[in-house]
Amino acid sequence: MTSTMPTAAPTVPAAEGSAPPHSRPPRLDIQGLRAVAVGLVVLSHAGVSRIGGGYVGVDVFFVISGFLITSLLLRELATTGRVSLRSFYARRALRLLPASSLVIAVTLGGAWLFLSKARLAEYAGDALAGALYVVNFRLAAAGTDYLAQNSPPSPFQHVWSLAVEEQFYLVWPVLLLLTWRIARGRRARVAVPLAAVCVVSFAVGVLVTNTSAPWAYFSSLTRAWELGAGALLALAAARLRRLPGALAAPLSWLGLACVTLAALWYDDETPFPGHHALLPVAGTVLVLAGGCAPTPYGAGRLLERRPLVWLGGLSYGWYLWHWPLLVIAPAALGRADGTADVPLALALSAIALGLAWLTLRLVENPVRFHRAFRRRPRRALALGAALTASASALSLTATAVPPTIEVGGPAPALARALADAPDPRARLAELLTSSPTALPSNLATPLPRVKSSRSALYRDGCHVDRAATRPLPCVYGDRTSSRTVVLFGDSHAAQWFPALRRLAGARGWRLVPLTKASCKVADVTIVNLHKPYTACDTWRSHALERIRELRPALVLASSSDAGDPARPAADPLHQWTTGFEHTFRALRGSGARVAALLDTPWPKGDPIDCAARNSLQLRACAHHLPEATRDATRGRAVRAAASATGTTVIDPTPWVCAPRTGVCPVVVADTAVHRDDSHLSEAYAEALTPLLAAPLDRLVGAP
């Protein structure tokens, strides 16, 4: 998840120009710590392999923000006995919104010009959510959408941490004021409920990391303890100032070592945040705690160096600019894969640093320190509201006026052509061979909507996620029919649901889907999310029990050729053959006939994005056999296991690639073939109903 690690860096209170009158001088070691944090994130995003855990920089910023914001509020409470919420939110608006609104506007323009035209509505939605500081929830929801998980990164996804912090800023001042009054200004009493919230938030984060990693990563609930850790430290700051230097100095160095160790030790395979977030959070707490007591030998000796302090002052702007440049610039430069190698990424990051400096000099400071807003919080809040409204309006406008995708002439309607053909297989072979070279003007599903189309199987929640261990009682077709057909497997089985549902309606079948994300038909434990996918094995056992209870007429089994065994064998063909045999025999034991539907050929990259870029030259996006076959060994294993168990094999390869030439087009007649880098589109799968009907009718019996 390193591509989604952003940073947020509110300025130190004394730099805001409107801090309480008795605020202390800014701690330069905190500015240096910001520089370390943003540097880790930028290097990680740039692809520097040794900084695989650079995403912990965001955790460092969360602790810093909790510490500084709470320190500011406590000083105001100690001085005046109250907190001016209006002034607090006005300072936040002046500090954060001018730069973020500018970056959102420029990034949206860059996406409109250079990124996939088929995805602009998606990116505009991200921009709108970013402007309203709720993009973390949008990203969490998208991360749990199995069909959207392999999408290229959004140029706006980096603002999720800003959303988490803004949600904290919205709630924490009010809670602090209430607890302060209830505790009558005693900091120890204020710390008790805050510590309880931190414990609960951390526990939830650990649990959710194991069940739903996207929600654990992006949710403000699972991240609240990190900001709370900084807040607890601020409550104890007065006592920490009395730490002896002999203790404060090693504490700060130990903390810096913890942050560095996490950045070097963690990588994409680390389940994060979970308990692994303790290391960078504890490290940041130690650096801040040790820095409370002045000592010439602490980590401040390094962190207070002028280059780091200067870089820390630019950390907010640097983060805002670096990610959009890394996402958009490679596409603007004509990179075929749309990504930047490490040298280019580092160069783009350097340009982003220059943009951060310009933004600070020309936008942030002129607005923040303008006399028009000095001690006039209403004006500052009005400006913040205007900036938010402007960024939101721009995002909505981009959605309403998407860039034009050039098209050619109309094409035959695929679904009708196959339904009316006396020999659908021969007719499809003709259409595959004569696939259009330009995007048809009458595309069955408009290109921007191909990815978002979801069959009832997904809309009804019947395709279970990775954490599920039991199948759901979903039934389609004729619920009272004596002939039951079961669809069994992973999302590559689920892609055939539109065709099967239409067949079930026409044939009077009772259709029972039993599908689970990334769960293979073969009785082989695979690796998923960097660990053995035991939830799949448990679900498969329960699904086989359900099938035995159903006593179906037919089981149609299919799964993707992707996925590696958790315990690889010396002979992969034998391992997969044995796994398929075990499952096929169990299915046959239910009394059902079994059909194994081989995996479909895979496209070359993302076919929708490619078609949007090459709408008048679609052949540039076509894939070819045998390269389009993901794993030929898996196909041989299915055939061998089927032969040994009396299972029927259905090969859909001639339905996706031209039989004579082996070309696998991205558009056939008026229909896009794939929705993403592996799954058939809803419209194409449904159009193939007549071809799937022939072998299934022979097995179930035509009405």
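Note: the structure precedes this text.
Description of the structure in this document. Since the model is a prediction, treat every value here as computed from it, not as a measurement.

**Thoughts on the overall build of the chain**
- Helix and strand counts for the chain stand at 30 helices and 13 strands.
- By the compact-globule yardstick of 27 Å for 703 residues, the chain fits well, its C-alpha radius of gyration being 29 Å.
- When the backbone C-alpha atoms are referred to their principal axes, the chain occupies close to 85 × 50 × 45 Å.
- Within the span of the chain, comprising 703 residues, buried residues form 56% of the whole.
- In the chain, 82% of the contacts between residues at least 6 apart in sequence involve partners at least 24 apart.
- Accessible surface for the chain amounts to roughly 28800 Å². Of this, 59% is attributable to carbon and sulfur atoms.

**Details of the nonpolar core**
- Residues Leu 33, Val 56, Phe 67, Leu 73, Trp 160 and Trp 318 are the most contacted members of the largest nonpolar core, which totals 91 residues.
- Residues Tyr 458, Tyr 476, Trp 496 and Ala 595 belong to the second largest nonpolar core, which totals 49 residues.

**Some points on the state of the cysteines**
- Summed over all chains, the structure comprises four disulfides.
- Covalent S-S linkage joins Cys 462 and Cys 474, the inter-sulfur distance amounting to 2.1 Å. The sign of the S-S torsion, about -90°, decides the handedness of the disulfide formed by Cys 462 and Cys 474: left-handed. Pair noted here: Cys 462 is in the loop between α21 (456-459) and β1 (463-464) and Cys 474 is in the loop between β1 and β2 (476-477), with a separation of 12 residues, a long-range link. Pair check on accessibility: Cys 462 and Cys 474 agree, each one buried.
- There is a disulfide in this structure between Cys 519 and Cys 536, and the S-S distance comes to 2.0 Å. Here Cys 519 and Cys 536 share a disulfide; its torsion about the S-S bond, 85°, makes the bridge right-handed. Remark: Cys 536 occurs in helix α24 (residues 534-550) and Cys 519 occurs in the loop between β4 (510-516) and β5 (527-528); sequence separation between them is 17 residues.
- Using a relative accessible area of 1% as the deciding quantity, one classes Cys 519 as buried.
- Cys 536 sits in the buried class, given a relative accessible area of 1%.

**Topic: unusual backbone geometry**
- Cis peptide bonds are those with omega within 30 degrees of zero, and the linkage from Phe 272 to Pro 273 qualifies with 10°.
- The omega torsion of the bond from Leu 625 to Pro 626 falls at 5°, within 30 degrees of zero and hence cis.
- As for its placement among the helices and strands, Pro 626 is situated in the loop between β9 (623-624) and α27 (632-645).
- Unusually for a residue other than glycine, Arg 551 sits at a positive phi of about 50°.
- With respect to the helices and strands, Arg 551 occurs in the loop between α24 and β7 (554-558).

Each value, and the rule that gives it
- Residues numbered from 1 in each chain as written.
- Predicted model: local features only at pLDDT ≥ 70, side-chain atom pairs only at ≥ 80, totals over all residues.
- Heavy atoms only, no water.
- Helix = DSSP H or I, 4+ residues; strand = E, 2+ residues; numbered from the N terminus.
- Rg over C-alpha atoms; globule rule 2.2 N^0.38 Å.
- Buried < 20%, exposed > 50% of the residue type's maximum accessible area, 1.4 Å probe, protein only.
- Contact = heavy atoms within 4.5 Å.
- Areas by Shrake-Rupley, 256 points an atom, 1.4 Å probe, with all protein chains shown as cover.
- Core = buried A, V, L, I, M, F, W, Y, C linked by side-chain atoms within 4.5 Å.
- Disulfide = S-S within 2.5 Å.

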